[in-house]
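Descriptive structure summary
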Amino acid sequence: MMKYLSPARGWIPVVLIVTMILTVLYRYSPEADEQPLLKQVPEFSTVVVEPQDLRLDLHSQGIAAASRQVSLSVETGGRVISVAAEFESGRWVEAGTPLLQLDPEPFSLEIAQQKHQLDAAKLHLEEVRATAVVARRLAASKANDFALRKPQLAEAESRVRSARSALRIAERRLEQATLTAPFSGRLADISLAQGQYLRAGEALGTLFSADEMVVRLPIQDEGLQLLSLPLQLQAVPLKIPVRLSGSFGGRQLTWDGTITRREGGLNANRMTWLIAEVKLDGDDAPLEPGVYVDVLISGRHIEDLVALPRSALVGDSHVWVIGSEQVLTRRAVEWLHRDEQHVYVTKGLNVGEQVVRRGHSHLLDGTPARSVPEEALVEADDALTARAEASL
């Protein structure tokens, strides 16, 4: 009679055969080549610390305005009998040019009346003097001032002085009947017609000096340390060169000027104001009031400055340095000024050190690093871009 194996015992030969096959494969299989692990050191574009003597210029903006501008008016009223041909908007006039003439007849009459009053006052004074002489001769030893005609004499002398002052005022009004240009310049907003009656102080137009302009320039308080600006209580004349550029008449023009003074105090944004003057002659391009200008202010020469890209600054006062140990070190620095492209460091760096051009706050202190020229990174980026374009 035939014997059957149980299902549990039937798997035993299969397991033994598989085990033997795996043992043979493991013992006689080729050994795998072990590849050494390569540690890739991050590369950074750096700037070598080289202190220099630099002149730091400042940039500002402003709107040109006439250095002298007056509202033209007559100090006395009257009827206009003549108007100069130059008295029109846009005309250029020289200092002392007669612009209009009021009717002089009323003023001449007033002068004649005041002369009559002066003559009468003088006659009165002579009469009082004569009376005073007689009174002093006939007066007793104890006569008072009134008896001696002293108050009467003082009143007569005051009347003469008053009459002379009134005559001078009348003569001045006659002079004011002719309006003259107080300085050379250009006229604007002239509104006048011959035969028009003018009231005293009535505005007739504006005269502004076209040969001399001023520009108010806002400057941050910290920027003053870059200028040759004496910080003294007493007024000290300034002479800081500036170059202005702006568009006028459809052309881009430039002008040279000089900062001559500074307005006192700071506003809420810690800004102060410098005043630049621009003097023009016949060969210069015109600079009109209202022209917007960009201004380059010449700074002073400063020693031992390290110019770094502004992107190197981490936060407000740190940079990353690759030292001789070829590791990253976070370094605190002090800087004097920073503009759109650079930050100018005064303390915290040593000559010859490598500063990372583009610092990041997520870098770790002590990380191995290697400095490479900026050109090498640019070439590597260009190569990767070319491969990507070729694969498309």
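Everything numeric here is computed off the predicted structure, so don't read it as measured data.

**Some points on the sheet that holds strand 11 (residues 203-208)**
- Strand order in the open sheet made by the 4 strands is 4-11-9-6, with antiparallel pairing throughout. Here the strands that pair on one side only, and so sit at the sheet edges, are strand 4 (69-73) and strand 6 (92-93).
- Bridge count between strand 4 and strand 11: 5 bridges; the pairing is antiparallel. Residue pairing for strand 11: V70 is matched across the bridge by L207.

**Side note on the pattern of salt bridges**
- This model, assessed by the stated rule, comprises 13 salt bridges.
- A salt bridge links D57 to R55; its shortest N-O distance comes to 3.2 Å.
- Given a relative accessible area of 42%, R55 falls into the partly exposed group.

**Digging into the nonpolar core**
- Counting 36 residues, the largest nonpolar core has L56, L244, W255, I259, L287, V293 and I297 as its most contacted members.
- At the level of elements, strand 3 (58-66), strand 12 (212-220), strand 13 (240-248), strand 14 (251-263), strand 15 (271-279), strand 16 (292-297) and strand 17 (301-309) are the ones that each hand at least two residues to this core.
- Sort the elements by how many residues they give to this core and strand 12 lands first, with 4 residues.
- Those residues in contact with I297 that lie beyond four places of it in its chain are D57, L58, S60, L217, I219, L227, I240, P241, V242, I259 and L274.
- Grouped together as the second largest cluster of nonpolar side chains are 18 residues, F87, F107, L198 and L207 included.

Conventions and cut-offs
- Residues numbered from 1 in each chain as written.
- Predicted model: local features only at pLDDT ≥ 70, side-chain atom pairs only at ≥ 80, totals over all residues.
- Heavy atoms only, no water.
- Pairing = 2+ DSSP bridges.
- Helix = DSSP H or I, 4+ residues; strand = E, 2+ residues; numbered from the N terminus.
- Salt bridge = Lys/Arg side-chain N within 4 Å of Asp/Glu carboxyl O.
- Buried < 20%, exposed > 50% of the residue type's maximum accessible area, 1.4 Å probe, protein only.
- Core = buried A, V, L, I, M, F, W, Y, C linked by side-chain atoms within 4.5 Å.
- Contact = heavy atoms within 4.5 Å.

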